[in-house]
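# Examining the three-dimensional arrangement
This is what each chain is made of:
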Amino acid sequence: QVQLVESGGGLVQAGGSLRLSCVASGRDFSGSDMAWYRQAPGRKREFVADISASGGITYYSYSAKGRFTISRDNAKNTVYLQLDNLKPEDTAIYLCSGRSGTDFDDEWGQGTQVNVSS
């Protein structure tokens with residue numbers, strides 16, 4: 001049984017910060033490249049950031065780079081997304097998943113809602 005549980009979302013003012021967590025269980029998390037995505041109502045799911053299994057390589061979308069930081073703690077089976085300098089356009093449900101070919105490929109948690117007020 002694969003399980004991904006996202007948490008840490010909330011309501012913040014523009015310029016504020018949140019730290020999102022995604023706890024994985026049931027598969028080989030430490031061997032899986034992981035990613036964060038987001039989806040706003042009426043919009044397609046958008047890639048935000050990903051991180052290699054070891055944590056040594058990260059990638060960010062243009063909108064995320066410089067403001068968001070992805071990290072992981074394999075001992076805790078957790079991937080994090082630090083959100084800084086949030087903007088109203090960052091409002092979305094944030095979800096984590098494994099990258100293609102990993103044990104968590106196409107596995108999703110319930111997501112965590114981030115709302116940023118202007």
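As a reminder, the structure under discussion sits directly above these lines.
The rules behind these values
Residues numbered from 1 in each chain as written. Predicted model: local features only at pLDDT ≥ 70, side-chain atom pairs only at ≥ 80, totals over all residues. Heavy atoms only, no water. Salt bridge = Lys/Arg side-chain N within 4 Å of Asp/Glu carboxyl O. Helix = DSSP H or I, 4+ residues; strand = E, 2+ residues; numbered from the N terminus. Buried < 20%, exposed > 50% of the residue type's maximum accessible area, 1.4 Å probe, protein only. Pairing = 2+ DSSP bridges. Axes fitted to C-alpha atoms, helices over the stretch in contact; angles between N-to-C directions. Disulfide = S-S within 2.5 Å.

## Concerning the pattern of salt bridges
- All chains considered together, the criterion is met by four salt bridges.
- A salt bridge links Asp-90 to Arg-38, with the nearest nitrogen and oxygen atoms 2.9 Å apart. One end of the pair, Asp-90, is in the loop between strand S8 (78-83) and strand S9 (92-98); the other, Arg-38, is in strand S4 (residues 34-39), with 52 residues separating them in the sequence. For the residue pair Asp-90 and Arg-38, the accessibility class agrees, reading buried in each case.
- Residue Arg-99 pairs with Asp-50 through a salt bridge whose shortest N-O separation is 3.1 Å. Taken as a pair, Arg-99 in the loop between S9 and strand S10 (112-117) and Asp-50 in strand S5 (residues 46-51) lie far apart in primary sequence, 49 residues in all.
- For Asp-50, a relative accessible area of 8% corresponds to the buried category.
- Beyond isolated ion pairs, a larger network of salt bridges with shared partners links Arg-38, Glu-46, Arg-67 and Asp-90.

## Concerning the sheet that holds S8
- A sheet is described by the order of its strands in space; here four strands give the open sequence S1-S3-S8-S7, paired in antiparallel fashion. Each edge of the open sheet carries a strand with a single partner, namely strand S1 (3-7) and strand S7 (68-73). The sheet shows a mean angle of 15° between the axes of neighbouring strands, direction not considered.

## Some points on the sheet that holds strand S2 (residues 10-13)
- Pairing in this open sheet of six strands is mixed, and the strands run S2-S10-S9-S4-S5-S6 from one edge to the other. This sheet does not close on itself; its edge strands, each paired only once, are S2 and strand S6 (58-60). Going from strand to strand, the sheet's axes swing by 25° on average, the running direction of each strand aside.
- Across six bridges, the pairing between S4 and S9 is antiparallel. When the sheet's bridge partners are listed, Tyr-37 is paired in S9 with Leu-95.

## Concerning the state of the cysteines
- Scanning the entire structure with this criterion turns up one disulfide.
- The partner cysteine of Cys-22 in its disulfide is Cys-96, sulfur to sulfur 1.7 Å. The disulfide joining Cys-22 to Cys-96 has a torsion of about 45° about its S-S bond and is therefore right-handed. Residue Cys-22 is located in strand S3 (residues 18-25), and its partner Cys-96 is located in strand S9; the two are separated by 74 residues in the primary sequence.
- Taking the relative accessible area as the measure of exposure, Cys-22 reaches 0% and is therefore buried.
- Residue classification places Cys-96 among the buried positions, given a relative accessible area of 0%.

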